[in-house]
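Each chain, written out:
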Amino acid sequence: MTSTNHAENTVSAAAGDGTVLDVADLHVRFPTDGGHLHAVRGVSYRLRRGEALGIVGESGSGKSVAALAVMGLLPRTAQVSGSARLLGQELLGLGDAAISRVRGARIAMVFQDPLTSLNPVHTVGRQIVEAIQAHRDLPRAAARARAVELLRTVGIPQPEQRVDAYPHELSGGMRQRVVIAIAMANDPDVIIADEPTTALDVTVQAQVLEALRAARRATGAALVLITHDLGVVAGHVDRVAVMYAGRIVEAGSVDEVFSAPRMPYTLGLLGSRPRMDAARRSRLVPVPGAPPSLTQQMRGCAFAPRCPLAQPVCRDTDPPPTGQGDGHTAACHFADRLAGVRPEELFPPALATAAVPLRAAPAAADGAPLLVAEDLVKHFPVRSRGLLRRRSGEVHAVCGVSLELRARRTLALVGESGCGKSTTARLLLNLIPANRGSVRYRGQELTGLSRARMRPLRSRVQIVFQDPFASLDPRMTVFEAVAEPLRIHGRFADGGPRRVHELLRLVGLDPEHADRYPHEFSGGQRQRVGIARALALEPEVLVLDEPVSALDVSVQAGVVNLLEELQERLGLSYLFVSHDLAVVRHVADRVAVMYLGRIVETAPVERLFTAAAHPYTQALVSAVPLPDPRRERWRERIVLAGDVPSPLDPPSGCRFRTRCPTFAALSGEQRSRCVRQAPPLVEQGEGHAAACHYARARNLLRGTSTDLGQEPTQWR
């Protein structure tokens, strides 16, 4: 890494006001074949002792690169200029030996993927001890005792045993908490957390965020929290900085920025995110277009090509950050025009996709049952190692699941990773055989049908996978990928090319780009290609397996709007598999909650979110962050202890009892009932059923949590 323009390593005047990290005019460039990529463009911020700063923005905005530059972790080819002072000491340009004395002792980092951060051949205890002894002269026994203490602080159960575990023996959430323990090992002044909750279940996310909060309490460290989740930022930082195209375009207190944004991009991000605490809107408000290429020389405001307020001055002059009052700044020529403006007022709804002659789903009464599953069971055998490969156990993936998908409706299937959602979806499509149970489509039994007999029905029930890049053949053009189902079913000869172009136009893609390959499209565009491919055979039912989980919030909003529009125009029915409850509340008509292979609660969407009766559903709802700082501070939290038990040996009786806060408060006789007897789904009224012996409806979305019919309580 090369660095220029640093100041001398003297204590800055800012240190007197409690500043621990002072970043000024930070620039980062990477040489590429297409020219220099200007990843970070003049980023400046100050972080005071004990303060939490959130940095948000779309992928590629420069958030992580700026953090890595401060840590001195960029490759040698990176060209870094500006200043980054930690308690007055300049960090940019320090040699390896000097920066190593600072890194881990005074400033520490929590990376996005804990599995790549931890050494797989060493126990987690040894890795924590190594971090301690790198900066402290402690005997190994004392360092090990400190490691156990750190694991206990970040909420690892049974730390005396877990200290000798290897990374692969821990869940994703536990691994991330181990990385947080390493970061806080030497009581640093600053902790930088780079997307610490990405790809984690909402309940595990809550555990990790609680671990970060515990780390700050224990060390007094300031925090830089990098994330794309506005809800996480709302509830866990004091100030927020919004980055776009390598620079900070808005900054201020989290309350001020969220309640009165003065940069169109910030307003667009807030409008793109579905809110779990709000009634379903007709459409989300995505930001149109895509971020600019950072290899091109920028003139004027980088957001101008996507901004509805853009004028000639925006394209000619880059707006400097200007004060909006109370430490709130925004880089916009027309910031004063945004006072009181709502996202849907600034970003008008996109025009409906052009009408194309696609056949709607076959006539069926709205709400009539289409796809019905009864008592589905799927256990996967586990075999021992060696030549004979004897059967040593079973993974209980799906255990007696019953579902009903109705015409022109959306049924959401939610739950943590490993609970059996995707396996259930594949059972419904007969992609894997069930051990027991029945699946019927329009009254026709699908279970046990051969591939040949299933083929005619494949055109009626299709699937859209989570990762569009993995589900598209990289050797096929987009035209061939969409045309392939037509060729397989013998429909391409009858106007196939015209049909492919119609499908691409339907999902909002330019047919002129049909000869491009998947890698030449963005993630959101690839997901649209996957949807076009699924629609090629004019299905009636789409199974959507986490279709928006890997997308930026604005791209996600565009895909969600597309799915809603297609449902209205074509009369489609959706099984929507997801762990994102905010998206589920926006798109679903009915929700089924899964835990460890079983349905534990099912209800109409509004009933589920305002009167959840099962303790697991209540924990899920309470763990989802809201993009509203004031409401986040006063919401009740139910942080589940431990992790999901192994499906190889699920608990007897109620499978949730090992983590259930209600179970922990029961008497001995009541507990024995949960241990012995698996609770059936019991009707709670209004089409709402819960599998809990002691179900009690609660609303966990209010500013103050309220048990239905009881007085509110406050949580801080």
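Residues numbered from 1 in each chain as written. Predicted model: local features only at pLDDT ≥ 70, side-chain atom pairs only at ≥ 80, totals over all residues. Heavy atoms only, no water.

## Some thoughts on the environment of Val 65
As a reminder, the rule being used: Note on conventions: DSSP H or I runs of at least 4 residues are helices, E runs of at least 2 residues are strands, and numbering of each starts at the N terminus.
In this fold, Val 65 is placed in helix α1 (residues 63–71). Val 65 sits 181 residues away from Gly 246 along the chain, and the two C-alpha atoms are 9.1 Å apart.

## A short note on the environment of His 27
Counted only if it meets this: With a 1.4 Å probe rolled over the protein chains alone, any residue whose accessible area is under 20% of its type maximum counts as buried; one over 50% counts as exposed, and the rest are partly exposed. Contact between two residues is taken to exist if any of their heavy atoms lie within 4.5 Å; hydrogens are not considered. A 3.5 Å cut-off defines polar contacts: any pair of N or O atoms within that distance qualifies, except that in protein one atom must be a possible hydrogen donor and the other a possible acceptor, and neighbouring residues in sequence count only when both atoms are side-chain atoms.
Within the element layout of this structure, His 27 appears in strand β2 (residues 19–32). Judged by its relative accessible area of 17%, His 27 is buried. Put simply, His 27 and Arg 299 are 272 residues apart on the chain and 17 Å apart in space, counted from C-alpha to C-alpha. Beyond its immediate stretch of four places on either side in the chain, His 27 contacts His 38, Val 40, Arg 41, Gly 42, Gln 79, Val 80 and Ser 81. Within polar-contact distance, the side chain of His 27 engages the backbone nitrogen of Gly 42 at 3.4 Å.

## Here we look at helix α20 (residues 553–570)
Think of an α-helix as turning once every 3.6 residues; residues three or four places apart then point the same way. Stated formally: Helix span, as expected, comes to 1.5 Å for every residue beyond the first.
Taking 1.5 Å of rise per residue, 18 residues should cover 26 Å, and α20 covers 26 Å from first to last C-alpha, within 8% of that figure. Within α20, 15 of the 18 residues are buried, which leaves it mostly tucked inside the rest of the structure. Immediately beyond the C-terminal end of α20, within one or two residues, lies Gly 571, with a positive phi of roughly 65°.

## Remarks on the pairing of strand β22 (residues 590–595)
The test is simple: A pair of strands is labelled paired if DSSP reports no fewer than 2 bridges between them.
Buried residues dominate β22, accounting for five of its six residues. Note that strand β16 (residues 410–414) and β22 share four bridges and pair parallel. Across the sheet, Ala 412 pairs through a bridge with Val 591, a residue of β22. Where β22 meets strand β23 (residues 598–604), six bridges bridge the pair, whose relative direction is antiparallel. Across the sheet, the residue bridging to Met 594 is Ile 599, located in β23. Two successive antiparallel strands, β22 and β23, enclose a turn made up of two residues, where Leu 596 displays a positive phi of approximately 50°.

## Digging into the domain arrangement of the protein chain
Interface size is commonly expressed as the accessible area that is lost once the parts come together. Defined as follows: Each domain span listed reflects an automatic or database assignment of domains. Once two parts are brought into contact, the accessible area they lose, counted with a 1.4 Å probe and summed over both, makes up the buried area. One speaks of a salt bridge when a side-chain nitrogen belonging to Lys or Arg is within 4 Å of a carboxyl oxygen belonging to Asp or Glu.
What the domain assignment reports for the protein chain is domain 1 (2–256), domain 2 (262–275 + 298–346), domain 3 (369–603) and domain 4 (608–710). A straight line from the C-alpha centre of domain 1 to that of domain 2 covers 29 Å. Across the contact, 14 residues belong to domain 1 and 19 residues belong to domain 2. Taking both sides of the interface into account, the surface hidden between domain 1 and domain 2 amounts to around 1500 Å²; carbon and sulfur atoms contribute 52%. Of all residues in domain 1, the largest losses of buried area upon contact with domain 2 belong to Tyr 244, Arg 247 and Glu 250, amounting jointly to 36% of the total for that side. Taken together, domain 1 and domain 2 are joined by two salt bridges. Asp 318 serves as the salt-bridge partner of Arg 247, at 2.5 Å between the closest nitrogen and oxygen. Inspection of the region where domain 1 meets domain 2 yields 11 residue pairs in polar contact (both at pLDDT 80 or more). Put simply, the parts of the chain that give the side of domain 1 that touches domain 2 at least two residues each are β10 (239–244) and β11 (247–253). It is β11 that contributes the most residues to the side of domain 1 that touches domain 2, five residues altogether.

## A word on the state of the cysteines
Two cysteines, two sulfur atoms, one covalent bond between them: this is a disulfide. Our working definition: Disulfides are defined as cysteine sulfur pairs within 2.5 Å.
All chains considered together, the criterion is met by zero disulfides. With no disulfide partner, Cys 301 has as its closest neighbouring cysteine sulfur the one in Cys 314, 6.2 Å distant.

## Some points on unusual backbone geometry
Backbone geometry places Arg 408, a non-glycine residue, at a positive phi of 60°. Mapped onto the elements of the fold, Arg 408 is located in the loop between β15 (391–406) and β16. Since its relative accessible area comes to 26%, Arg 408 is described here as partly exposed. In this model, Glu 538 sits at a positive phi of 55°, which is unusual for a non-glycine residue.

## Let's talk about the packing of aromatic side chains
Let me state the cut-off plainly: Note on aromatic contacts: the rings of Phe and Tyr and the six-membered ring of Trp form a pair at centre separations within 6.5 Å, being stacked when their planes are under 30 degrees apart, edge-to-face when over 60 apart, and tilted otherwise. Charge-over-ring contacts are defined here by two conditions on Lys NZ or Arg CZ: a distance within 6 Å of the ring centre and an angle within 35 degrees of the ring normal.
Across all of its chains, the model carries seven aromatic pairs by this definition. Judged by centre distance (4.6 Å) and plane angle (55°), the ring pair of Tyr 244 and Tyr 265 falls under tilted. Of this pair, Tyr 244 sits in strand β10 while Tyr 265 is found in helix α11 (residues 264–272), placing the two residues 21 residues apart along the sequence. Since its relative accessible area comes to 0%, Tyr 265 is described here as buried. By way of ring pairs, the aromatic residues Tyr 244, Tyr 265 and Phe 303 are connected into one cluster. The side chain of Arg 487 reaches across the aromatic face of Phe 492, ending 3.9 Å from its centre. If you follow Arg 673 out to its NZ or CZ, it ends over the ring of Tyr 694, 5.7 Å from the centre.

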